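# Summary of structural features
Chain by chain, the residues run as shown.
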Amino acid sequence: MKILAVCGSGLGSSFMLEMNVQQILGELGVSGIEVEHSDLSSATPGDADLFIAAKDIAEGMGHLGEVIVIDSIIDMDGLRNKLKEVLQQKGLL
């Protein structure tokens with residue numbers, strides 16, 4: 001499985017989101033999931049199985065597939081809860 005953290009420019013905020021996702025996956029004991037980051041204009045549906053982005057750009061992501069929309073890229077609890085829910089639905093947790 002591959003997760004792509006997406007932001008408007010593909011630099012700092014998506015990289016921070018990528019690191020947060022990796023930290024949470026480690027805390028949950030989940031392995032075998034690749035996590036990368038990208039800007040919205042470069043992201044395509046085939047880039048990942050799951051996309052994560054803040055609500056400010058989520059409207060432009062409908063074409064990508066399954067998207068986790070978070071309120072804030074620094075809200076670890078919100079990200080953890082949403083990511084955990086999706087991983088449980090997919091049988092990965």
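Thresholds, definitions, all that
Residues numbered from 1 in each chain as written. Predicted model: local features only at pLDDT ≥ 70, side-chain atom pairs only at ≥ 80, totals over all residues. Heavy atoms only, no water. Helix = DSSP H or I, 4+ residues; strand = E, 2+ residues; numbered from the N terminus. Rg over C-alpha atoms; globule rule 2.2 N^0.38 Å. Areas by Shrake-Rupley, 256 points an atom, 1.4 Å probe, with all protein chains shown as cover. Lys, Arg positive; Asp, Glu negative; His and termini not counted. Charge placed at Lys NZ, Arg CZ, Asp CG, Glu CD. Buried < 20%, exposed > 50% of the residue type's maximum accessible area, 1.4 Å probe, protein only. Salt bridge = Lys/Arg side-chain N within 4 Å of Asp/Glu carboxyl O. Polar contact = N/O pair within 3.5 Å; in protein donor to acceptor, adjacent residues only side chain to side chain. Pairing = 2+ DSSP bridges. Axes fitted to C-alpha atoms, helices over the stretch in contact; angles between N-to-C directions. Core = buried A, V, L, I, M, F, W, Y, C linked by side-chain atoms within 4.5 Å. Contact = heavy atoms within 4.5 Å.

## Examining the overall build of the protein chain
In terms of helices and strands, the protein chain carries 3 helices and 4 strands. Over its C-alpha trace the protein chain gives a radius of gyration of 12 Å, about what one expects of a compact globule, namely 12 Å for 93 residues. Carbon and sulfur atoms provide 49% of the accessible area of the protein chain, an area that totals close to 4,800 Å². Both charge centroids of the protein chain, one from 6 positive and one from 14 negative side chains, sit 6 Å from each other.

## Considerations on the side chain of D39
Structurally, the position occupied by D39 is in strand β2 (residues 34–39). Buried charge D39 goes without a salt bridge, the closest partner of opposite sign being K2 at 13 Å. A polar contact is formed between the side chain of D39 and the side chain of S41, at a distance of 2.5 Å.

## Description of the sheet that holds strand β4 (residues 67–70)
What the 4 strands build is an open sheet, ordered β2-β1-β3-β4; its pairing is parallel. The open sheet has two edge strands, β2 and β4, and neither has a second partner. Ignoring strand direction, the axes of neighbouring strands in this sheet form an average angle of 25 degrees. Pairing between strand β3 (residues 50–54) and β4: 4 bridges, direction parallel.

## Quick look at the nonpolar core
Counting 20 residues, the largest nonpolar core has I3, V21, L25, I52 and L83 as its most contacted members. Among the secondary structure elements, those contributing two or more residues to this core are β1 (2–7), α1 (12–28), β3, β4 and α3 (76–89). If you tally residues by element for this core, the top one is α3, at 5 residues. Aside from chain neighbours lying at most four places away, what touches L83 is I3, V21, I24, L25, L50, I52 and I68.

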